[in-house]
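One-letter residues, chain by chain:
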Amino acid sequence: MAIIWDQKAECMSQKERAVIQLERLKKIVNYAYENVPFYKKKFREHKIKPEHIQSLKDIEKLPFTEKADLREGYPFGMFAVPRKDIVEVHTSSGTTGIPVVTGYTKNDIELWGEAMARALSMAGATRDDIIQNCYGYGLFTGGLGVHYGAQKIGATVIPISAGQTKRQVQIMTDFKSTILTSTPSYALHLSEVAQEEGLISKIKLKAGVFGAEMWTEKMRDELEKRFKLHALNIYGLTEIIGPGVAQECLQKKGLHIAEDLFYPEIISPDTLESLPEGEKGELVLTTLTREGMPMIRFRTKDLTSLIRGNCKCGRTLVIMSRITGRSDDMMKLRGVIVFPSKIEKALLEVKGVEPHYQIIITRPHHLDEIEVQVEVSQKMLSDEVKKLEEIRKKIEQSIENAIGLRVKVTLVEPKSIPRSEGKAKRVIDKRSL
Ligand code: DLL
């Protein structure tokens, strides 16, 4: 029997759920309009009023919200309540530039805990489990999100965060952790270290709740083989709540979206029109019950599709397929959000650098490494070696300042980077995702 946290919410008929969704949608649209000046202004520009929402389909009349809107309102401009009612804030994982801030009221923390309790239950979590939580605690939503869900369930949490991998493996063995929550790439790294330490056969994990970055079926097979666990996908984003928006159950047929809390749509990133069920496009989410920072039609830029139908686990929640890409150039490297355009800007800020470069991403030992190859000009090539090394270091520093991650810069000969006739291929991702 599948373990289901909220039988009623997760298993009711879609017809019943749609009634709740519409009621909540009307309420949140009105609430956002009345309490967040950003929405009032945007709705007015689009000549739309909350009372125009009379059916779920009417959501398509509402304007979208984007990451840039949140950045413009930095830090607290999107909040719908006075700051003193916000009990916690988190930010997106980008370490520099203007981060996206999200604020939670007491009820929002409660909601987040519920959403995460549902997610962890999909992986079979109960009070009997020991959850080793390797998502980072802090401003990133991963650590505390899992924590709140685990506490609701009454499981034992090991709030270990990422890093100190040997120690992680020792603790996993000694404490007999049964559920691992981490990024899939870190889980692979953990498995490798566990192998090296000769401890892998002593590990008792039954499930892994892996997300926060893109991964593949091949990685699932690998993780399941190495750890002998069920490797399950979890999805979420700071703007909406953090982890807990969607989660795979043990059927592994895609992720159940908590759609009574977060209303999903799929649009074409080109025409911005809604797409029919089953078609791949960009996921757009609306928070149906959030108080601190309601999000109306947030464009996630994540590419996926939605399928309805009853899952063998008993849940009737819509199923989202694995995220296979983005409609913008955002990447997640070591869990940090990076836009290649920022790397370009940073390297071109260094005097004398040519705009011919390539970003090469690899994953030796299951951790992302970034190399930026930059062409030097003929003139620079005739300079002394010391000068070239200075420039190389300058570029490294400039990029690190821009994206918050250490990169390796290699200077290459003039004309050695392939020229393209169409869109230049700037990023070569060798991580086999
Ligand atoms: O990554 C929240 C999270 C924490 C999710 C822990 C799951 C587990 P952000 O840092 O704001 O929040 O990044 C959100 O990460 O728009 C996707 O592009 C990507 N992402 C998150 N989960 C998945 C996944 C957290 N399962 C951005 N598959 C999202 C693919 C994912 N991409």
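Below, the structure is looked at part by part.

Cut-offs used in this document
Residues numbered from 1 in each chain as written. Predicted model: local features only at pLDDT ≥ 70, side-chain atom pairs only at ≥ 80, totals over all residues. Heavy atoms only, no water. Helix = DSSP H or I, 4+ residues; strand = E, 2+ residues; numbered from the N terminus. Buried < 20%, exposed > 50% of the residue type's maximum accessible area, 1.4 Å probe, protein only. Contact = heavy atoms within 4.5 Å. Areas by Shrake-Rupley, 256 points an atom, 1.4 Å probe, with all protein chains shown as cover. Pairing = 2+ DSSP bridges. Near = heavy atom within 4 Å. Polar contact = N/O pair within 3.5 Å; in protein donor to acceptor, adjacent residues only side chain to side chain. Nonpolar A, V, L, I, M, F, W, Y, C, P; charged D, E, K, R; others polar. Axes fitted to C-alpha atoms, helices over the stretch in contact; angles between N-to-C directions. Left-handed = near helix turned anticlockwise from the far one by under 90°. Core = buried A, V, L, I, M, F, W, Y, C linked by side-chain atoms within 4.5 Å.

Our focus in this paragraph is the overall build of the protein chain. Along the protein chain, the regular secondary structure elements total 12 helices and 21 strands. When its C-alpha atoms are laid out on the principal axes, the protein chain stretches across 75 × 60 × 45 Å. Counting all 433 residues of the protein chain, 56% fall into the buried class. Within the protein chain, counting contacts between residues at least 6 apart in sequence, those at least 24 apart form 65% of the total. For the protein chain, the accessible surface area stands at approximately 19,800 Å², while carbon and sulfur atoms represent 53% of it.

Read from one edge to the other, the open sheet built from four strands follows the order 10-11-12-15, with strand pairing classed as antiparallel. Each edge of the sheet is formed by a strand with only one pairing partner; in this case those strands are strand 10 (262-267) and strand 15 (325-326). Direction of pairing for strand 12 (residues 298-304) relative to strand 15: antiparallel, over a ladder of two bridges. Note that in strand 15 the partner of leucine 303 across the bridge is glycine 325.

What surrounds the ligand is a group of 21 residues, the closest being Asn233, Ile234, Thr238, Asp302 and Lys332. Between a nitrogen atom of the ligand and a main-chain N or O atom of alanine 212, the distance comes to 3.1 Å. Within the side chain of arginine 326, one N or O atom sits 3.3 Å away from an oxygen atom of the ligand. Contact with the protein chains removes 97% of the 610 Å² of surface that the ligand exposes when unbound. Secondary structure elements with two or more residues in the shell around the ligand: helix 6 (141-153) and strand 7 (230-237). Looking at the shell around the ligand, the element that brings in the most residues is strand 7, giving five residues. Split by residue class, the shell around the ligand holds 10 nonpolar, seven polar and four charged.

To characterise two packed helices, one gives the angle between the axes of the helices and the distance between these axes. It is at 10 Å that the axes of helix 8 (residues 184-196) and helix 9 (residues 217-227) come closest, and there the two elements cross at 35°. Read as a crossing pair, helix 8 and helix 9 show a hand that is left-handed. Each of Pro184, Ser185, Ala187, Leu188, Leu190, Ser191 and Glu192 in helix 8 lies in contact with helix 9, whose residues at this interface are Met219, Glu222, Leu223, Arg226 and Phe227.

Taken in spatial order, the nine strands of this open sheet run 4-3-5-6-7-8-9-14-13, and their pairing is mixed. Because the sheet does not close on itself, it has two edges, and the strands there are strand 4 (156-158) and strand 13 (306-307). In this structure, strand 5 (residues 179-182) lies alongside strand 6 (residues 207-211), joined through four bridges in parallel fashion. By the bridge assignment, threonine 181 is partnered in strand 6 with valine 209. Sitting on the sheet, helix 8 is in contact with strand 5 and strand 6, with an inclination near 125° to strand 5.

Before going further, it helps to examine the nonpolar core. Tyr39, Leu120, Tyr235, Val245, Phe262 and Met320 are the most contacted members of the largest nonpolar core, which has 71 residues in total. Ranked by residues supplied to this core, first place goes to helix 5 (residues 106-122) with eight residues. With residues near it in sequence (within four places) discarded, leucine 120 still touches Ala125, Ile131, Val146, Gly149, Ala150, Ile153, Thr181 and Val209. By size, the runner-up hydrophobic cluster in this structure holds 26 residues, among which are Val353, Ile399, Leu405 and Val409.

Let's shift gears to the side chain of threonine 173. Here threonine 173 shows up in helix 7 (residues 165-174). Within the local environment of threonine 173, its side chain forms a polar contact with the backbone oxygen of valine 169, the two atoms lying 2.6 Å apart. In contact with threonine 173, other than residues within four places in its own chain, are Leu199, Lys202 and Ile203.

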